[in-house]
Amino acid sequence: MTAPMKTPPIVLPQAWEAARTDMLVKEKAVMRARDALAAERRRMPWMEVNKAYAFEGPGGMVSLRDLFAGRRQLIVYRAFFEPGVFGWPDHACRGCSLGADQVAHLAHLNARDTTLVYASRAPQADIARLKARMDWEMPWVTITDSFDADFGVDEWHGHNVFFRDGDRVFRTYFINSRGDEAMGTTWSYLDATPLGRQEVWEDSPEGYPQTPTYKWWNWHDSYVAGAAPDKKWVEVSDAGEATFRKTDE
């Protein structure tokens, strides 16, 4: 028989609210510490990528620079789907697949000048079959050279973050192991990038792009590049922010 769970005490609403208030203080401290870490990450040095890497995509061979799809920021997740990986050929690695199931709609990342790409060593035909089976829509390329070994993901999963300045490409950050568990939301991806969420409340270096908080948010099928924020949404988001700022003081 399974031993009974030793559950927390059962209390009345007033005591529960007091306990929740105490916990909220700690949670907000963690949140602010996370924001401070993201601010430090935006000031980390960059490493220029001078080697020419080649990937196979649905339309043929592409370079690392091509993976940006015209945007300035790129996040490449090394997913394990290839011969020798548990699950092959029907499935990718269970952990990588769980992570793929968490990926938010990419339109929101794209609206922040950021592209997410998955990369494996499986042939494109197998990747297309897997994506169709699992209902995944992220771009997914085949690694053809030493990219995985050069960027620390030949034996274990990880997210590499890059920035494109014209024709020059820089590696700006790397997340792996347990850090990968939190990835998948629009915010976790943006917080890993050199430009961040690009909202005015963030502590970013001088000259970094920033727009008013919430104003760029949109339905994933309604983003229009360069469009001004919807006036009604500006009113709604301003009112909401004013309300929660009062309770957050």
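Note that this is a predicted model, so its numbers are computed, not measured.

Peer 1: How would you summarise the overall build of the protein chain if you had to cite specific residues and measurements?
Peer 2: Within the protein chain, the secondary structure is distributed over eight helices and eight strands. When its C-alpha atoms are laid out on the principal axes, the protein chain stretches across 60 × 60 × 35 Å. The buried share of the protein chain, taken over its 249 residues, is 38%. Pairs at least 24 apart in sequence give 62% of the contacts found in the protein chain among residues at least 6 apart. When the accessible surface of the protein chain is totalled, it reaches about 15,000 Å², and 58% of it is carbon and sulfur. For the protein chain, the distance from the average site of its 30 positive side-chain charges to the average site of its 36 negative ones is 3 Å.

Peer 1: Break down the nonpolar core for me, citing the residues and quoting the values.
Peer 2: Phe-81, Val-103, Leu-116, Tyr-118, Met-138, Trp-140 and Tyr-189 are the most contacted members of the largest nonpolar core, which totals 27 residues. Taken together, the elements giving at least two residues each to this core come down to β4 (73-78), α3 (94-102), α4 (106-110), β5 (114-120), α5 (124-134) and α7 (186-191). In this view, Val-103 contacts Leu-116, Tyr-118, Met-138, Gly-184 and Tyr-189; residues no more than four positions away in its chain are not counted. In this structure, Tyr-53, Val-141, Ile-143 and Val-169 belong to the second largest nonpolar core, which totals 16 residues.

Peer 1: Tell me what's going on with α3, and back it up with residues and numbers.
Peer 2: The complete set of buried residues in α3 reads Cys-96, Ser-97, Gly-99 and Ala-100. Taken end-on, α3 shows its buried residues confined to a sector of 160°, consistent with a single buried face. Among the exposed residues of α3, those pointing more than 90 degrees away from its buried face are Arg-94, Leu-98 and Asp-101. Taken together, the buried residues of α3 touch β4 and β5.

Peer 1: How would you sum up the layout of surface pockets? Please name residues and give values.
Peer 2: In this model, the largest pocket occupies a volume close to 640 Å³. Partitioning the lining of the largest pocket into residue classes produces twelve nonpolar, five polar and three charged.

Peer 1: Quick one: what's the story with the side chain of Arg-78, residue by residue and with numbers?
Peer 2: Note on placement: Arg-78 falls in strand β4. Within the structure, the side chain of Arg-78 is placed 3.0 Å from the backbone oxygen of Val-153, a separation counted as a polar contact. Non-local contacts of Arg-78, meaning those with residues more than four positions away in its chain, are made with Cys-96, Ala-119, Ser-120, Arg-121, Ile-143, Asp-148, Val-153, Asp-154, His-157 and Gly-158.

Peer 1: Provide a residue-level description of the environment of Thr-186, including the pertinent values.
Peer 2: Secondary-structure assignment places Thr-186 in helix α7. For the pair Thr-186 and Arg-245, spaced 59 residues apart in the sequence, the C-alpha separation amounts to 22 Å. For Thr-186, the residues in contact, after removing those within four places along its chain, are Ala-104, His-108 and Leu-109.

Peer 1: Can you tell me about the pairing of strand β6 (residues 140-143), naming the residues and giving the values?
Peer 2: Judged from the two bridges that link them, strand β2 (residues 54-57) and β6 form a sheet pairing that is antiparallel. Paired with Phe-55 across the bridge in β6 is Ile-143. The pairing of β5 with β6 spans three bridges and is parallel. When the sheet's bridge partners are listed, Tyr-118 is paired in β6 with Trp-140. A crossover links β5 with its parallel partner β6, the connecting element being α5, and its sense is right-handed.

Peer 1: So what's going on with the pattern of salt bridges? Which residues, and what values?
Peer 2: One pass over the full model with this rule turns up 14 salt bridges. The residue Asp-148 makes a salt bridge to Arg-78 at a minimum N-O spacing of 3.3 Å. Placement of Asp-148 in helix α6 (residues 147-150) and of Arg-78 in strand β4 is noted, with a sequence separation of 70 residues between them. When sorted by exposure, Asp-148 lands in the same class as Arg-78, which is buried. Where Glu-235 meets Lys-232, a salt bridge forms, and the shortest distance between an N and an O atom there is 3.9 Å. In this pair, Glu-235 and Lys-232 both sit in helix α8 (residues 231-248), three residues apart, roughly one turn of the helix.

Definitions and cut-offs
- Residues numbered from 1 in each chain as written.
- Predicted model: local features only at pLDDT ≥ 70, side-chain atom pairs only at ≥ 80, totals over all residues.
- Heavy atoms only, no water.
- Helix = DSSP H or I, 4+ residues; strand = E, 2+ residues; numbered from the N terminus.
- Buried < 20%, exposed > 50% of the residue type's maximum accessible area, 1.4 Å probe, protein only.
- Contact = heavy atoms within 4.5 Å.
- Areas by Shrake-Rupley, 256 points an atom, 1.4 Å probe, with all protein chains shown as cover.
- Lys, Arg positive; Asp, Glu negative; His and termini not counted.
- Charge placed at Lys NZ, Arg CZ, Asp CG, Glu CD.
- Core = buried A, V, L, I, M, F, W, Y, C linked by side-chain atoms within 4.5 Å.
- Arc of directions from axis to C-beta.
- 1 Å grid on protein atoms, 1.4 Å probe; cavity = no way out; pocket = protein on both sides within 12 Å on 5 of 7 lines; lining within 4 Å.
- Points joined across faces, edges and corners; volume = space filled by probe spheres on them.
- Nonpolar A, V, L, I, M, F, W, Y, C, P; charged D, E, K, R; others polar.
- Polar contact = N/O pair within 3.5 Å; in protein donor to acceptor, adjacent residues only side chain to side chain.
- Pairing = 2+ DSSP bridges.
- Right-handed = clockwise from strand over helix to strand, strands pointing away.
- Salt bridge = Lys/Arg side-chain N within 4 Å of Asp/Glu carboxyl O.

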